[in-house]
Amino acid sequence: MKMYSYDCTVLDSFANYAKQLATGLEMDVFLYPVPRQTHVIKTYLPYSTIVKNQYTMDTYERVIRMHSLQSTKLPIFIEIMRRNIPSGIDIQFKQHTEEDDVIRYMGDQERKDILSKLDDVQVKRG
């Protein structure tokens, strides 16, 4: 299950609620955050290509991976989640894929790239 929002605090609160609910229904769950994604939104003057305003918005994502599901409890969990979802949060139920793992560690790769660039700079100075 994936959860998306522009508000990190509401998302974290709802993700913890979902984890507690799943644990209470005797599901084996694992909750983890995905690195935030930053989006730049531009508005233009009418009939031109001149930028009027530019906004930066961050999208936050939390993932709950569920294992050991009983087929009788999953529909109950989904219905409770849909009825209690706060405004501003989108949820998606889907099977986990390899692409989900790549997205999860994307920030880690960016950090490694930055650290390697810093090492290169230190080697050139030394």
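Being a predicted model, the structure only gives us computed values, none of them experimental.

**Student:** Whenever I open this one, the overall build of the chain confuses me. Can you help?
**Tutor:** When its secondary structure is counted, the chain shows four helices and four strands. Each helix and strand of the chain, placed in order from N terminus to C terminus, yields the pattern β-α-β-β-α-β-α-α. A globule of 126 residues ought to have a C-alpha radius of gyration of about 14 Å, yet the chain, at 20 Å, is considerably larger. In terms of principal-axis extent, the alpha carbons of the chain reach across some 60 × 50 × 25 Å. Residue pairs at least 24 apart in sequence account for 69% of intrachain contacts in the chain once pairs closer than 6 positions are excluded. When the accessible surface of the chain is split by element, carbon and sulfur atoms take 52% of a total near 9,200 Å².

**Student:** Please explain the packing of helix H1 (residues 8–24) against helix H2 (residues 74–84) as it appears in this structure.
**Tutor:** The relative placement of two packed helices comes down to the angle between their axes together with the axis-to-axis distance. Where H1 meets H2, the axes come as close as 11 Å, and the angle between the chain directions of the two elements is 155 degrees. One element, H1, and the other, H2, form an angle in the roughly antiparallel class. For the crossing formed where H1 meets H2, the hand is right-handed. Along its contact with H1, which presents Phe14, Tyr17, Ala18, Leu21 and Ala22, the element H2 presents Phe77, Ile80, Met81 and Asn84. Taken together, the residues of the contact of H1 with H2 break down into eight nonpolar, one polar and no charged.

**Student:** Sorry, what's going on with the pairing of strand S2 (residues 28–44) here?
**Tutor:** Each regular strand shows side chains that alternate between the opposite faces of the sheet. Bridge count for S2 against strand S3 (residues 51–67) is 15 bridges, and the pairing is antiparallel. Bridge pairing in S3 links histidine 39 to methionine 57. Hairpin connection between S2 and S3: a loop of six residues separates the two successive antiparallel strands, and tyrosine 47 in this loop has a positive phi of roughly 60 degrees.

**Student:** Help me out: how do you make sense of the sheet that holds strand S4 (residues 89–92) in this one?
**Tutor:** In any sheet, the strands associate via hydrogen bonds between backbone groups, in a parallel or an antiparallel arrangement. The four strands lie next to each other as S2-S3-S1-S4, forming an open sheet whose pairing is antiparallel. Only two strands of the sheet have a single partner each, and these edge strands are S2 and S4. Neighbour-to-neighbour, the strand axes of the sheet open up by a mean angle of 20 degrees, direction not taken into account. Against the sheet, H1 engages strand S1 (2–5), S2, S3 and S4, with an angle of about 15 degrees to S3.

Basis of the calculations
Residues numbered from 1 in each chain as written. Predicted model: local features only at pLDDT ≥ 70, side-chain atom pairs only at ≥ 80, totals over all residues. Heavy atoms only, no water. Helix = DSSP H or I, 4+ residues; strand = E, 2+ residues; numbered from the N terminus. Rg over C-alpha atoms; globule rule 2.2 N^0.38 Å. Contact = heavy atoms within 4.5 Å. Areas by Shrake-Rupley, 256 points an atom, 1.4 Å probe, with all protein chains shown as cover. Axes fitted to C-alpha atoms, helices over the stretch in contact; angles between N-to-C directions. Parallel < 35°, antiparallel > 145°, perpendicular 65-115°, else oblique. Left-handed = near helix turned anticlockwise from the far one by under 90°. Nonpolar A, V, L, I, M, F, W, Y, C, P; charged D, E, K, R; others polar. Pairing = 2+ DSSP bridges.

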